[in-house]
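# Results of the structural survey
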Amino acid sequence: MYWTEFLTVALIHLLAVASPGPDFAVVVRESVTHGRRAGTWTALGVGTAIFLHVGYSLLGIGLIVSQSIVLFNALKWAAAAYLLYIGYKALRAQPAKTVTDDLHKEAGERTARGAFTSGFVTNGLNPKATLFFLSLFTVVINPHTPLAVQAGYGIYLAAATATWFCLVAMLFSQQRVRAGFARMGHWFDRTMGAVLIAIGVKLAFTEMH
């Protein structure tokens, strides 16, 4: 009965998640710098944060945030500050002594908790994600659709997001890919830092429509 609605939700989500943004940048950086384990935990953090967006969308809190300039700006500036912070840290990356030693050293430094938190916070504080889920649960999904079915959509969205970014982590954490990036090591980090800062600045100037 709800298959048409579900397919619409799935298609919109696919287009949104495949679009490069802060989540993609963070997963790629963690995967290249720290390896597959860290990249996967970051992807799981991003996916888990979807439950946060789904939860407040179902409760109607997203609607309150979207109508309050103060709350929206608070969320926006928190997200921008976090991206600027991790971007600044990446910009300070120094050249590695050797490619192999650097990869092993970096792979051992990142904890699962740290990687997961990085992904969760990046997605959870993204005001664009807030507006995306608000529009999804108020415009695309019929308000009369049972909450249990809507919750099912939410579980799918979280699982699909985690799966997508786990695939991204697998791709960018391959030894050949990492070694290729590591040859330019600090320049890759600095580039990703610049990307994250650019996204943070753009986010800071996002207006509520």
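Located above this text is the structure these notes cover.
First, a word on scope: everything that follows refers to the structure included in this document. Just so you know, these numbers come straight off a predicted model, no measurement behind them. (Residues numbered from 1 in each chain as written. Predicted model: local features only at pLDDT ≥ 70, side-chain atom pairs only at ≥ 80, totals over all residues. Heavy atoms only, no water.)

Approximately 530 Å³ is the volume found for the second largest pocket. Taken together, 21 residues make up the lining of the second largest pocket; nearest its centre are A16, S19, P22, N126 and K128. At the level of elements, helix 1 (3–17), helix 2 (22–34), helix 8 (127–140), helix 9 (147–172) and helix 11 (185–204) are the ones that each hand at least two residues to the lining of the second largest pocket. For the lining of the second largest pocket, the class distribution of residues is twelve nonpolar, six polar and three charged. (1 Å grid on protein atoms, 1.4 Å probe; cavity = no way out; pocket = protein on both sides within 12 Å on 5 of 7 lines; lining within 4 Å. Points joined across faces, edges and corners; volume = space filled by probe spheres on them. Helix = DSSP H or I, 4+ residues; strand = E, 2+ residues; numbered from the N terminus. Nonpolar A, V, L, I, M, F, W, Y, C, P; charged D, E, K, R; others polar.)

For the structure shown, the criterion picks out one salt bridge. E30 is the salt-bridge partner of R110, the closest N and O atoms lying 2.7 Å from each other. You can see R110 sitting in the loop between helix 6 (99–109) and helix 7 (112–124) and its partner E30 sitting in helix 2, a full 80 residues away along the chain. Note on E30: relative accessible area 3%, which makes it buried. (Salt bridge = Lys/Arg side-chain N within 4 Å of Asp/Glu carboxyl O. Buried < 20%, exposed > 50% of the residue type's maximum accessible area, 1.4 Å probe, protein only.)

Running from N to C, helix 1 and helix 9 cross one another at 30°; their axes reach a closest spacing of 11 Å. Classified by the angle their axes make, helix 1 and helix 9 are roughly parallel. Classified by chirality, the crossing of helix 9 by helix 1 is right-handed. Contacts from E5, F6, V9, A10, H13 and V17 of helix 1 reach helix 9 at Y153, Y156, L157, A160, T161, W164 and F165. Its residues assigned to classes, the contact of helix 1 with helix 9 shows ten nonpolar, two polar and one charged. (Axes fitted to C-alpha atoms, helices over the stretch in contact; angles between N-to-C directions. Parallel < 35°, antiparallel > 145°, perpendicular 65-115°, else oblique. Left-handed = near helix turned anticlockwise from the far one by under 90°. Contact = heavy atoms within 4.5 Å.)

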